[in-house]
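One-letter residues, chain by chain:
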Amino acid sequence: LQHRTDLVTHHNEISLGLGPATPTHQTQTQQMSAEDVPDLSGLKTKGTVSSVDLWRHGLTKTTAALRLGLDHLVTPTGQVVGGGRFSAGTKRTPTQARVHELARGFLFDMDGVLQRCGVAIPGAGDFIRYLRKKKIPFALLTNECRYTNEQLATKLNTLLELTSDEVILQPDQIYSAACSAGDFFKRLLRHHFRGSVYCIGEDGLQSALRDAYASVGSEAEQSVDGEAGPVPTVLCGADAFDAESMTPVEFVCIGSVHADNTRDIERAAEYVRSNAARVVYTCPDYFDIYSDGRLAFGMPMPVVELLERVLGCASYGLGKPNPHMVRMAADILLKRHHLDWTNVLFVGDSLNTDIRSAVENGISSVLVLSGTTSLEKLAKSAIRPDYVFESVHELHLALQEGDQE
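So, here is what we can say about the structure in this document. If you're wondering where the values come from, they're calculated on a predicted model, not measured in any experiment. (Residues numbered from 1 in each chain as written. Predicted model: local features only at pLDDT ≥ 70, side-chain atom pairs only at ≥ 80, totals over all residues. Heavy atoms only, no water.)

### Description of the pairing of strand β4 (residues 138-142)
Counting buried positions over the five residues of β4 gives five, a clear majority of the element. Relative to β4, strand β1 (residues 105-108) runs parallel, the two being bridged by three bridges. Within the sheet, the bridge partner assigned to F108 lies in β4 and is L140. Relative to strand β5 (residues 174-176), β4 runs parallel, the two being bridged by three bridges. The residue bridging L140 from the neighbouring strand is I174, located in β5. Chirality of the crossover, the property in question, places the unit of β4, helix α7 (residues 149-159) and β5 among those that are right-handed. (Buried < 20%, exposed > 50% of the residue type's maximum accessible area, 1.4 Å probe, protein only. Helix = DSSP H or I, 4+ residues; strand = E, 2+ residues; numbered from the N terminus. Pairing = 2+ DSSP bridges. Right-handed = clockwise from strand over helix to strand, strands pointing away.)

See the structure below:
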């Protein structure tokens, strides 16, 4: 274990452990030899390496990539190209202690960070228990929209085996894309919008929209003869539109549906075609990934692009990286615990949603490789995280090292 710790620490001081690239770093990386890491010649197969084999050798994928001559997969971090508010001139110290110094609060993505399609990420439960023990506040910011906050909290507590009242996740620690969709329509309704919405989604999104519309559901428009007129309504699935009792459908809201929904897509298309309904969606992803590597379809973007190409409509995303998500996370995390973003680490697995949200809002970011992002994707991306870890387990170890210093 000590040998593995020394290797990882040494590697962090050289390359991906997270500082700006310099000629010195590059030279040191090229000089890594058999004295630095064990012989891995038997593991090099078509440029890929088994995570299990690496663990047996006491290495991360990144360290092994250097040893195997795959250094083109390793991209130093700390240099950000594009985006918004960054501390571009700040030199980050590439040490484990630096992570420890920043970690007074955490903002977590959920899928690919704490769990992956219903399977817990190894070490995630221990990390949550560690944060609770150290009284380090955290919140979850997720583009998941299929479940309510209560359902998400129950699901995660079960997956991560969080049973004690002192450590279990609470619904008010979660802000989801479903919550963002609900807030989007609450704002419209407060400003006297009175159109109906057609929803393609599951319990979480449907519940959020119905809660938003509940405040105006009884505000029937008065017709000329004084009788009650149509009211704004949330329609889902096969719900029939009734022109006498419902206001026209002016929005189509598209979420994740992991079931056949072809007929629902056709209904949405008809509202867009005939009513010029506007299109909003919860998540910019095209697919998810099961824990065994299989692709999981049912995400919003294929449907959104289908409507845009066929009908020529435009669309607007309500989940990450929409800045509204980060503003609401500030309400949950910063105001309650008297923090600011300089004290918080945003931990995510997606460059285009999590790390982009962090970069554009001036939040230090941690990319974990346990979800949708690989070293190959990182090497090609203009968006750079501040830190990279294999998973929250390695992040947990880094924090523990900081505790001991």
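### A few points about the environment of L162
Tracing the sequence through the fold places L162 in the loop between α7 and β5. As a C-alpha pair, L162 and D126 span 36 residues in sequence and 9.0 Å in three-dimensional space. Sequence-distant contacts of L162, that is, excluding residues within four places in its chain, are made with G125, I128, R129, N157, V167, I168 and L169. (Contact = heavy atoms within 4.5 Å.)

### A closer look at the sheet that holds strand β12 (residues 315-317)
Strand order across the open sheet formed by five strands is β7-β6-β8-β9-β12, with parallel pairing between neighbours. At either margin of the open sheet sits one strand with a lone partner, and together these are β7 (234-236) and β12. Neighbour-to-neighbour, the strand axes of this sheet turn through a mean angle of 25°, independent of strand direction. With three bridges connecting them, strand β6 (residues 196-200) and β7 associate as parallel partners. When the bridges of β7 are listed, Y198 appears paired with L235. Against the sheet, helix α9 (residues 203-214) makes contact with β6, β7 and β8 (249-254), and its axis sits at roughly 170° relative to β6, the strand it touches most. Contacting β6, β7, β8 and β9 (278-281), helix α10 (residues 262-275) crosses the sheet at an angle of about 150° to β6. (Axes fitted to C-alpha atoms, helices over the stretch in contact; angles between N-to-C directions.)

### Quick word on the sheet that holds strand β15 (residues 387-389)
Strand order in the open sheet made by the six strands is β5-β4-β1-β13-β14-β15, with parallel pairing throughout. The two strands at the open ends of the sheet, each matched to only one other strand, are β5 and β15. Across this sheet, the average inter-strand angle for adjacent strands is 20°, counted without regard to direction. By the bridge criterion, four bridges tie β1 to strand β13 (residues 344-348) in an arrangement that is parallel. Across the sheet, the residue bridging to L107 is F346, located in β13.

### Here we look at helix α11 (residues 301-311)
Within α11 the residues assigned to the buried category are M301, V303, V304 and L307. Projected down its long axis, α11 carries its buried residues within an arc of 165°, all on one side. Exposed side of α11, more than 90 degrees from the buried face: R309 and V310 are the residues found there. Elements that come into contact with the buried residues of α11 comprise β8, α10, β9 and β12. Just beyond α11, the residue with positive phi is G312, at close to 70°. (Arc of directions from axis to C-beta.)

### Some words on the environment of C236
Mapped onto the fold, C236 is located in strand β7. Sequence separation between C236 and D264 is 28 residues; the distance between their C-alpha atoms is 8.2 Å. When neighbours within four sequence positions are excluded, C236 is seen to be in contact with Y198, C199, Q206 and R210.

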